[in-house]
Amino acid sequence: MSTDRSVPAATAGYDDRRRWRALGVGLVAAFMTLLDVSIVNVAVPSIDRALHATPSDLQWVLSGYALTFGLILVPAGRFGDARGRRTGFVAGLVLFTVTSAVAGLAASPLWLIIARLVQGAAAGVINPQVSGMIQQLFRGAERGRAFGLLGATIGISTAVGPLLGGLLIQLGGEQHGWRFVFFVNVPVGIIAVLLGWRLMPARPTGAADRHRLDPIGVLLLGVGVTLVLLPLVQRQQWQGAAKWLLIPAGLVFLVAFGLWERRYARRRQPLFDLRLFGLRSYTLGTLIGLLYFAGFTAIFFIFTLYLQIGLGYTALAAGLAITPFALGSAAASAVGGRVVTRYGRPLVAAGLLVVVIGLSAVVWVLRGSPHLSVPLLTAAPFLVAGLGSGLVIAPNQTLALSEVPVPQAGSGAGMLQTGQRIGSAAGIAGVGALFFSTLGDTRGDWATAFRHSLLLAAAIIALALIAALVDIVLGHRRSGSAGPARSGAAA
């Protein structure tokens, strides 16, 4: 597959200032949507008291958002590629803003669950447009910088969610503070809609694609992703082993999706061009993203449980304990985006190694019965892990999408992010299962449960490191046989 390195006609009239302003609006929208993955975790006790929700209701409030988020990413990315990113971005942002207000006004658990499901779908519409817009408007080192800022946004939004949630709940009170978690999106969303309509690229990257948007492909992919994600996000509420049969059933639908896409591509532009998996940078980048998010997201899930339930910290204190990771991630993401075109995949491997070292250090400092407070003990190693994370998320996304042609940028980014959503759900399910089983086996030893599950999260991230090393080795072999070439260098 050939890559398009020319500046597309759709970027005409985009001077430097307008491009970076468009990126700023996209980052604000991405921050809001990704923040809502983690910020609601600390609001669960407040929601429980206010709405008298059952455990199943609360699980759907948390997991329903992630489910519909992951479900819509690829179709939304394809829509942006075909019909213009501005349309998808603004429509998704309007829907996200409205459903945030509806969620904040919820008077019953069912009301809140429905709002969260639609809100997650809206988030899934927005995010591929941001990645596709970066592919469309930026080239070379500038693209790396832009993805560096996006990576910082992803890292900060994931890590700082509990902190912001704790602050908002404290401001609004224990009974109704959870409503502030949703209402805060409304004024920001309105401003972003107005600026997005003015600044985002209005036209597709090439000639407008008026073909059908592959409805059978959308159906097969949607059913497959749903069947894979459902038992993961409902692992605690659905008892018994039968739920895990949905995963192989989902894989059957995903295989059928792949076969259909190959056939459909002979006549029209498919929902997702499978030839992208013929690009080593994209395939291994997607795998690294899936594995890293499986370990990365699970860390904050178990740490919040350990601090709030096991040790009795407030939501605000738990959020503050995670702040060193967020600060390290933000600082390193900006640097990683600037230097990824120089160092390529070895930069990602180095970041993964630093994350593993940082998490191992957390386990080491918490051995035995610590005499100092846990947030104080874990601050330095979490800062180190955050610095490593900043060298992973943005550089890996830059490298994974570096050879993806601009007309497939949205669907390519959507599939990459779908892998990340599946990885997050699988990681929380696996690491969470070990956490709770260890808690039961040790009769309530929260510290041991946290250390053991954190080691599992580090081991999952180590698998991502192995994938990065494979990419480096294959890159060296290729460069040795075909002349000088940097492994995974960005376009």
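For the structure, see preceding data.
The structure reproduced in this document is the subject of the present report. The structure displayed is predicted, hence computed values, not measured ones.

## A few points about the overall build of the protein
In terms of helices and strands, the protein carries 17 helices and zero strands. Relative to the compact-globule value of 23 Å for 491 residues, the protein shows a C-alpha radius of gyration of 21 Å, a close match. Expressed as lengths along the three principal axes of its C-alpha atoms, the size of the protein is roughly 60 × 55 × 50 Å. Excluding contacts between residues fewer than 6 apart, the proportion of contacts in the protein whose partners are at least 24 apart in sequence is 84%. Entry remark: accessible area of the protein is about 18,800 Å², with carbon and sulfur atoms responsible for 68%.

## Notes on the environment of Leu246
Tracing the backbone through its elements, the reader meets Leu246 in helix H10 (residues 246-264). Note on Leu246: relative accessible area 25%, which makes it partly exposed. It is 6.9 Å that separates the C-alpha atoms of Leu246 and Pro231, two residues lying 15 residues apart in sequence. When residues no more than four places from it in sequence are discounted, the contact partners of Leu246 are Leu227, Val228, Pro231 and Trp238.

## Some words on the packing of aromatic side chains
Enumeration according to the criterion identifies 19 aromatic pairs in this entry. Judged by centre distance (5.4 Å) and plane angle (90°), the ring pair of Phe296 and Phe300 falls under edge-to-face. With a gap of four residues between them, Phe296 and Phe300 both fall in helix H11 (residues 280-310), about one helical turn apart. Put simply, the rings of Tyr292, Phe293, Phe296, Phe300, Phe303, Tyr306, Phe325, Phe382 and Phe450 pair up and form one aromatic cluster. Sitting over the ring of Trp197, Arg86 keeps its end group 3.9 Å from the ring centre. For the cation-ring pair, Arg421 lies above Phe69, with the distance from its terminal atom to the ring centre recorded as 5.3 Å.

## Some details on helix H8 (residues 185-199)
Along its 15 residues, H8 runs 20 Å from first to last C-alpha, staying within 8% of the 21 Å computed at 1.5 Å per residue. Along H8, the positions that sit buried rather than exposed are Asn185, Gly189, Ala192, Val193, Gly196 and Leu199. The arc that holds the buried residues of H8, viewed along the axis, is 150°, so those residues lie on one side. Turned more than 90 degrees from where H8 packs its buried face, Ile191, Leu194 and Arg198 sit exposed.

## Observations regarding the environment of Gly132
Turning to its location among the elements, Gly132 is positioned in helix H5 (residues 109-137). Sequence spacing of Gly132 and Arg86 is 46 residues, and the spatial spacing of their C-alpha atoms is 11 Å. Sequence-distant contacts of Gly132, defined by excluding residues within four places in its chain, comprise Arg85, Ala409 and Gly410.

## Section: the environment of Leu199
Within the element layout of this structure, Leu199 appears in helix H8. Note: C-alpha distance between Leu199 and Thr87 (112 residues apart in sequence) is 12 Å.

## A few points about the side chain of Gln397
Assignment of secondary structure puts Gln397 in helix H15 (residues 393-400). Given a relative accessible area of 3%, Gln397 falls into the buried group. Each residue touching Gln397, except ones within four places of it in the same chain, is listed here: Ser131, Phe147, Leu150, Ile154, Leu416 and Gln420.

## So, the pattern of salt bridges
Following the criterion strictly, the structure yields five salt bridges and no others. Residues Arg116 and Asp36 are paired through a salt bridge, measuring 3.7 Å at the closest nitrogen-oxygen approach. Of this pair, Arg116 sits in helix H5 while Asp36 sits in helix H1 (residues 16-38); the two residues are 80 residues apart in sequence, bridging distant segments of the chain. Residue Arg116 shares its accessibility class with Asp36, and that shared class is buried. Between Arg275 and Asp273 there is a salt bridge, and its shortest N-O distance comes to 2.8 Å. What emerges from the salt-bridge pattern is a single network uniting Arg280, Arg345 and Asp471.

Cut-offs applied
Residues numbered from 1 in each chain as written. Predicted model: local features only at pLDDT ≥ 70, side-chain atom pairs only at ≥ 80, totals over all residues. Heavy atoms only, no water. Helix = DSSP H or I, 4+ residues; strand = E, 2+ residues; numbered from the N terminus. Rg over C-alpha atoms; globule rule 2.2 N^0.38 Å. Contact = heavy atoms within 4.5 Å. Areas by Shrake-Rupley, 256 points an atom, 1.4 Å probe, with all protein chains shown as cover. Buried < 20%, exposed > 50% of the residue type's maximum accessible area, 1.4 Å probe, protein only. Phe/Tyr/Trp six-rings, centres within 6.5 Å; stacked < 30°, edge-to-face > 60°. Lys NZ or Arg CZ within 6 Å of the ring centre and 35° of its normal. Expected span 1.5 Å × (residues − 1). Arc of directions from axis to C-beta. Salt bridge = Lys/Arg side-chain N within 4 Å of Asp/Glu carboxyl O.

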